[in-house]
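Residue-level listing of the chains:
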Amino acid sequence: SVAAVATIAHQHIKQKGPSLLEKLGLHGVAERVPLKSEKWCEKVDEEGKLANFESLLEEVSRGGICPSIRATVWPFLLGLVDVNSNAKEREEELSKLRKKYENLLDQCKKLHAELEGGSDQHENPKILQTEEYKENRRILNLDLVRTDFSSMTLSELDARTEGDSKDLGLDDHIDKAEYLTAEQKRCAKDMGKILLCYSIHDPQTGYCQGMTDLVQPFVQIFQDEATSFWAFSRFMESARENFMTDESGIMTKISLVKMVLADISQDVFSWLNEIGAESFFFVYRMILVQLRRELSIEDSMLFWEVLWAEDLARDMQGKADVPGFLIFSIVALIMERAGEITRNCKAESDVVHMFCNLKIDVWRMIEEARFVRKKWLLVGSSPG
């Protein structure tokens, strides 16, 4: 019951030793078993058709995906390809998407040319789009040269990057960043192209700070630039609400974090309120970029693919009222540090500092998030 959980929390929250999660019943974490190429081959027939999508989700949930087959499996998880399609049908669909991406690139080039031309555009109905493109590019150029490339595996990018990036107005600012290596500059230009095209594809969202972090895994995984773009675009279909100007999307998720934590551990929730951290501002960035800043590229990719599998399985089971896996992951991070929070945090600034300097064992966090979700569902179904 809620009372029993709260009693255990009250007895142990300010003691050193095992974490609150362990006191609530978490006993170790399951061994990670990633989906390997051999197993993937068993899941598709000779035409490349996936036999059982639910089985795939279970496999991914148990341990993520081996890096060598992420480019093959991610499109299924992102909804970029039809889960019932065969290999030929998928290639035909991706070919159409490449042409659509080329059209977006052409639109960006035309907008840049209009800006460079300096002609009188007062009668031009595209003037607003041109000015929005200019502003998106200005902010993006600043963000690209501040991007952390340290955990990326930089590979040879499309040879067209140099010419295209110049035609989009990306070159000068990036080339002047002397602290970036040649590979990092090329990667920054590749990311810039994708994000400028996204700003045209989704003008309501445009480009927002934080998107450079989010696009990095897609650039690393997919050697094909167009596939990187469309995979990122599908990812943003759910993530874009975090970038709404009125912040309603992200505030809804913060409210869910509060709700789950209050249900699981009222003591921790009350302490955070008592010290002035009731806004839960410290989870804002974690939600905005889905822990991308807290995790390396590799750990982010593992977390995201498990998150997608968990949320897809939830949706297929008709459990839309259950919060997403990101919410439980953030609550797990809070609860793992419950004792430290109540011992050392006396003000909101202490909590913000703690969560800006996290060291995360990503697989442990994933297992703890599953435990938190299970505990929350049990509390919700308990009488009283």
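Quick caveat, the model's predicted, so the values are computed rather than measured.

*Asks:* Teacher, can you tell me more about the packing of helix 13 (residues 248-264) against helix 14 (residues 266-274) here?
*Replies:* Helix packing geometry: the angle between the two helix axes and the distance between the axes. At a closest axis distance of 5 Å, the pairing of helix 13 and helix 14 adopts a crossing angle of 125°. One finds that helix 13 runs oblique with respect to helix 14. Of the residues in helix 14, those in contact with Lys258, Leu261, Ala262 and Ile264 of helix 13 are Gln266, Val268, Phe269 and Leu272. Its residues placed into classes, the contact of helix 13 with helix 14 shows 6 nonpolar, 1 polar and 1 charged.

*Asks:* What should I look at first to understand unusual backbone geometry in this one?
*Replies:* Across residues other than glycine, the phi torsion is negative in most instances, and most of the peptide bonds are trans. One non-glycine residue, Glu247, lies in positive phi territory at about 60°. You can see Glu247 is positioned in the loop between helix 12 (225-239) and helix 13. In this structure, Gln290 takes a positive phi of about 50° despite not being glycine. Within the secondary structure, Gln290 is located in the loop between helix 15 (284-288) and helix 16 (297-316). Assessed through its relative accessible area of 8%, Gln290 is described here as buried.

*Asks:* Please clarify how the state of the cysteines should be interpreted in this entry.
*Replies:* By definition, a disulfide links the sulfur atoms of two cysteines through a covalent bond. Applying the stated rule across the entire model yields 0 disulfides. Cys197 takes part in no disulfide bond, and the closest cysteine sulfur, belonging to Cys108, lies 4.0 Å away. In this structure Cys197 comes out as buried when scored by relative accessible area, which is 0%.

*Asks:* Honestly, the side chain of Lys43 in this entry has me stumped. Any pointers?
*Replies:* Along the chain, Lys43 falls in helix 3 (residues 37-43). With residues up to four places along the chain from it excluded, the contact list for Lys43 reads Leu35, Lys49, Leu50, Ala51, Ser55, Leu56 and Glu59.

*Asks:* Would you mind showing me how to read the packing of aromatic side chains here?
*Replies:* Within a pair of aromatic rings, the relevant descriptors are the distance that separates the centres and the angle that separates the planes. Applying the stated criterion to the full structure yields 18 aromatic pairs. An angle of 35° between the planes, with centres 5.1 Å apart, marks the rings of Tyr101 and Phe229 as tilted. Within this pair, whereas Tyr101 is found in helix 6 (residues 87-117), its partner Phe229 is found in helix 12, the two being separated by 128 residues in sequence. The pair formed by Tyr101 and Phe229 is uniform in burial state, with each residue classed as buried. Centroid distance Phe269 to Phe280: 5.9 Å. Interplanar angle 40°. Geometry classified as tilted. With a gap of 11 residues between them, Phe269 in helix 14 and Phe280 in the loop between helix 14 and helix 15 connect regions that are remote in the sequence. The same class applies to Phe269 and to Phe280, which are both buried. Three or more aromatic residues link up through ring pairs in this structure, and these residues are Trp74, Tyr198, Phe218, Phe232, Phe235, Trp304 and Trp308.

*Asks:* What's the story with the pattern of salt bridges in this structure? I'm lost.
*Replies:* What the rule picks out here adds up to 26 salt bridges. A salt bridge links Arg70 to Glu305; the shortest N-O distance between them is 2.9 Å. Here the residue Arg70 occupies a position in helix 5 (residues 70-78), and Glu305 occupies one in helix 16, the gap between them amounting to 235 residues. By the burial criterion, Arg70 is buried, and Glu305 matches it. It is possible to trace a salt-bridge network through shared partners that takes in Glu22, Glu336, Arg337, Arg364 and Glu368.

Reading the values: rules and limits
Residues numbered from 1 in each chain as written. Predicted model: local features only at pLDDT ≥ 70, side-chain atom pairs only at ≥ 80, totals over all residues. Heavy atoms only, no water. Axes fitted to C-alpha atoms, helices over the stretch in contact; angles between N-to-C directions. Helix = DSSP H or I, 4+ residues; strand = E, 2+ residues; numbered from the N terminus. Parallel < 35°, antiparallel > 145°, perpendicular 65-115°, else oblique. Contact = heavy atoms within 4.5 Å. Nonpolar A, V, L, I, M, F, W, Y, C, P; charged D, E, K, R; others polar. Buried < 20%, exposed > 50% of the residue type's maximum accessible area, 1.4 Å probe, protein only. Disulfide = S-S within 2.5 Å. Phe/Tyr/Trp six-rings, centres within 6.5 Å; stacked < 30°, edge-to-face > 60°. Salt bridge = Lys/Arg side-chain N within 4 Å of Asp/Glu carboxyl O.

Geometry only, nothing functional implied.
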